Amino acid sequence: MSSHQTLLNALSSIKYPGFSRDIVSFGLVRSAILEAGAASVQLAITTSDPKVPVDLKREVEAVLTELDEVSEVSVEIAVSKPKSAPPAQAEGSGSTGDKSLISGVKKIIAVASGKGGVGKSTFSVNLACAFDYVLNEALGSSAVGIMDCDVYGPSIPLMMGVRGRPTIEDEALIPLENLGIKTMSMGLLVDEDTPVIWRGPMVNKTIQQFAQNVNWGDLDILVVDLPPGTGDAQLSLAQNIPLDGAVIVTTPQEAAVSVTIRGAKMFSKVNVPILGVAENMSYFLNPANGEKDYLFGTGGGEKAAESLDTVLLGKIPLDSAIRQGGDMGIPIVKSAPNSEAAKAFYDIARQVLQMLA
Ligand code: ADP
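Residues numbered from 1 in each chain as written. Predicted model: local features only at pLDDT ≥ 70, side-chain atom pairs only at ≥ 80, totals over all residues. Heavy atoms only, no water.

Hey, could you run me through the sheet that holds strand β5 (residues 144-148) in this one?
Sheet architecture is open: 8 strands sit in the order β8-β9-β5-β10-β4-β11-β12-β15, paired in mixed fashion. The outermost strands of the open sheet, each flanked by one partner alone, are β8 (176-178) and β15 (312-315). Strand after strand, the sheet turns through a mean of 25° between neighbouring axes, direction not considered. By the bridge criterion, 5 bridges tie β5 to strand β9 (residues 181-185) in an arrangement that is parallel. Following the sheet pairing, glycine 145 is matched in β9 by lysine 182. In the packing of helix α7 (residues 254-269) onto the sheet, contacts are made with β4 (105-112), β11 (245-250) and β12 (274-279), and the angle to β11 comes to roughly 170°. Across the face of the sheet, helix α11 (residues 340-356) comes into contact with β4, β10 (219-225), β11, β12 and β15 while running at roughly 165° to β15. (Pairing = 2+ DSSP bridges. Helix = DSSP H or I, 4+ residues; strand = E, 2+ residues; numbered from the N terminus. Axes fitted to C-alpha atoms, helices over the stretch in contact; angles between N-to-C directions. Contact = heavy atoms within 4.5 Å.)

Mind showing me how you'd approach the layout of surface pockets here?
Picture a little ball the size of a water molecule; that probe, rolled over the atoms, points out where space is still empty. There is about 1300 Å³ of room inside the second largest pocket. For the second largest pocket, the lining is made up of 37 residues, of which Gln5, Leu8, Val24, Pro273 and Ile274 are closest to its centre. If you list the elements that add at least two residues to the lining of the second largest pocket, you get α1 (3-11), β1 (29-35), β4, α7, β12 and α11. Looking at the lining of the second largest pocket, its residues break down into 15 nonpolar, 13 polar and 9 charged. Looking at the lining of the second largest pocket, you find at least three residues from each of domain 1 (3-80) and domain 2 (105-356). (1 Å grid on protein atoms, 1.4 Å probe; cavity = no way out; pocket = protein on both sides within 12 Å on 5 of 7 lines; lining within 4 Å. Points joined across faces, edges and corners; volume = space filled by probe spheres on them. Nonpolar A, V, L, I, M, F, W, Y, C, P; charged D, E, K, R; others polar. Domains from an automatic or database assignment.)

What is the right way to read the nonpolar core from this model?
In a soluble, globular protein the nonpolar side chains are often hidden away together inside. With 41 residues, the main nonpolar core has Met147, Trp216, Val224, Leu243 and Phe267 as its most contacted residues. At 5 residues, α7 tops the list of elements feeding residues into this core. Of all hydrophobic cores here, the second largest spans 38 residues; its members include Ile146, Met159, Ala278 and Ile348. (Core = buried A, V, L, I, M, F, W, Y, C linked by side-chain atoms within 4.5 Å. Buried < 20%, exposed > 50% of the residue type's maximum accessible area, 1.4 Å probe, protein only.)

Below, the structure written as structure tokens:
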């Protein structure tokens with residue numbers, strides 16, 4: 001384990017005052033460096049309560065001093081005041097941006113890609129189903145959700161086979177459920193026949209508001225399908241949802257890799273750890289001779305993982321059953337749980353759960 005990871009592991013035992021979430025998954029750790037026994041940690045927090053930085057500093061010092069590798073600790077905390085602090089907005093009121101709506105969600109991960117068409121949404125639904133399978137296998141129960149924030153092409157409802165309008169309770173949207181997975185999508189809120197024209201700043205505001213007003217209840221894990229790209233919409237979502245990590249989807253193609261890397265770098269700016277890269281459409285398994293055909297070339301996943309200093313979580317084959325699963329509203333992990341593709345998804349789901357544990 002790298003010394004950076006050792007520090008992060010220790011810091012992730014510290015909860016942000018008043019929240020059940022830790023300071024690492026909240027994205028508050030700007031840097032954590034360990035050199036010759038000297039640990040230096042920088043945090044950036046937003047609060048108007050002068051007690052918070054004092055308490056946090058003390059806790060960080062206490063936790064890091066416990067480590068064998070650490071002989072001295074320095075902690076710097078940059079404090080910014082909230083833009084419009086509404087302290088009167090108590091938890092549990094169910095109002096806009098209320099943290100309590102997601103307080104029952106244990107882990108949140110984003111699935112992202114630098115560009116569209118790499119199979120990000122297909123990957124997201126199958127990964128959600130794979131979490132369900134792996135958690136059921138390990139714990140005998142599972143509660144998984146998927147949130148489609150891809151406003152430009154909200155395809156998750158179709159892929160998960162959910163239809164109809166979500167209900168609203170206490171000003172919060174209630175997800176629809178199919179195949180044992182809770183689903184929420186902007187696509188469920190707009191008319192299929194009435195295209196919505198999204199413009200500039202409105203897009204960010206709308207997605208944010210949508211993402212923060214879903215009442216998920218208790219979930220083991222929530223998969224957030226981000227819009228493709230590297231711009232403001234992704235950034236503001238990553239800043240407004242307390243993400244525990246991100247999985248980056250790419251194809252093996254050289255052309256996809258540079259834009260994948262550019263898109264993924266955004267996560268380090270907002271202190272969201274990249275859990276790994278998944279390569280989709282890696283190869284076609286020729287049914288005639290059982291050989292793998294590398295239609296889109298090779299090496300993209302490895303290259304992206306290496307440049308992002310992360311791991312390649314797995315390779316998903318190009319398989320017409322995967323496309324059909326999406327079109328029919330039953331992801332392949334559910335329709336063919338013993339297929340090669342499903343097994344690749346279980347393997348990725350297990351690695352991600354282990355990293356988050
Ligand atoms: P994105 O969300 O990145 O725009 P989609 O998930 O919508 O991409 O996938 C684009 C198209 O490719 C869809 O028609 C989907 O069914 C198909 N597809 C995605 N991954 C695979 C795969 N591994 N094998 C076969 N078809 C795939």
